[in-house]
Amino acid sequence: MADLNPRSGGHTFIRAVVIGGAVLFGLWALSPVVVISAGERGVKTTFGKPDEQVYEPGIHFKVPLAQAMHTMDVRLQKGEGEGDAASKDLQSVHTRIAINYHLDPKQAVNVFRNIGPSTDIAADRIIIPAAQEAVKAVTARFTAEELVSHRTEVREAIGKMLRDKMQRHGLVLDEFAIVNFAFSRSFAEAIELKVKAEQEKLKAERDLQRIEVEAKQKVASARAEAESLALQRQQITPDLLALRRIENEREAIRKWDGKLPNVTSGAVPFINVSDKN
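Computed from a prediction, not measured in an experiment: that's the story for all the values here.

Reading across the sheet, the 3 strands line up as β6-β7-β8 and stay open at both edges, with antiparallel pairing between neighbours. Two strands lie at the open edges of the sheet, namely β6 (77–86) and β8 (171–183), each paired on one side alone. Direction aside, neighbouring strands of the sheet carry axes that sit 20 degrees apart on average. Across 11 bridges, the pairing between strand β7 (residues 92–103) and β8 is antiparallel. Residue pairing for β8: Asn100 is matched across the bridge by Glu175. Set on the sheet, helix α3 (residues 119–139) makes contact with β6, β7 and β8; between it and β7 the angle comes to about 140 degrees.

What follows concerns the pattern of salt bridges. All chains considered together, the criterion is met by 9 salt bridges. Residue Glu80 pairs with Lys78 through a salt bridge whose shortest N-O separation is 3.8 Å. One salt-bridge network, in which partners are shared between bridges, spans Lys78, Glu80 and Arg96.

Let us now look at the packing of α3 against helix α5 (residues 151–167). The contact between α3 and α5 brings their axes to 9 Å, and the two run at 145 degrees. In this structure, α3 meets α5 at a crossing whose hand is right-handed. Across from Ile126, Ile127, Ala130, Ala131, Glu133, Ala134, Val135, Ala137 and Val138 in α3, the residues of α5 making contact are Val154, Ala157, Ile158, Met161, Leu162, Lys165 and Met166. Residues of the contact of α3 with α5, tallied by class, amount to 14 nonpolar, no polar and 2 charged.

Cut-offs and rules
- Residues numbered from 1 in each chain as written.
- Predicted model: local features only at pLDDT ≥ 70, side-chain atom pairs only at ≥ 80, totals over all residues.
- Heavy atoms only, no water.
- Pairing = 2+ DSSP bridges.
- Helix = DSSP H or I, 4+ residues; strand = E, 2+ residues; numbered from the N terminus.
- Axes fitted to C-alpha atoms, helices over the stretch in contact; angles between N-to-C directions.
- Contact = heavy atoms within 4.5 Å.
- Salt bridge = Lys/Arg side-chain N within 4 Å of Asp/Glu carboxyl O.
- Left-handed = near helix turned anticlockwise from the far one by under 90°.
- Nonpolar A, V, L, I, M, F, W, Y, C, P; charged D, E, K, R; others polar.

Right under this line is the structure:
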């Protein structure tokens, strides 16, 4: 007689899934083949003890149960952080930074052995405290105003200190950037007023220079005109005046219609010389 109990079928299915999973796990655990992907390095451990060799991407073999292959990411990573510090003039400064870094492939075993089993763990344990220390140390060398005006110098100083600390622990700093400096509101307003005053000063200086140039141009123009008049006066001679007078008389004769005026410009009229009928 067939077993029509539905629970029996359900238990059978669950048992099959569990057995299948156990078999797959056993095959995976006992597999002697390990594949390391591009951008990773392998660290092999034998009963928990890491080997000295760093394994490159590709296919590698291990002894099942006795050995394990751990992968360490050596690709470029991005990290950001922020913290508070004090400037040389005791102004509170909130700094936000961004970095690009990667694990030195040759140091994969040392990082695994001394810091942590992954690149992320190593970064958390090394980069974060090192970055905070570097930012505080360098910020204390500059006044709040210098942090703004000497931003490149500050960035290079922080980057150098952070790079040295990371390199000692097998991490390589590729890029470092200061995303932002934030100061107290009162200090930010004071900086804004100072910048505005400097801009107004520069504008006044430019206006003064423009006025001076225009004044010099006017002086030069007046000097040139005076020199021109003086030159013309030097060229006027009695002969030239006589010639001009003759030319004017000729022009007046040419334009005369043959009639004499009845009156002059004075009070005495001319004698009427017209013919009487």
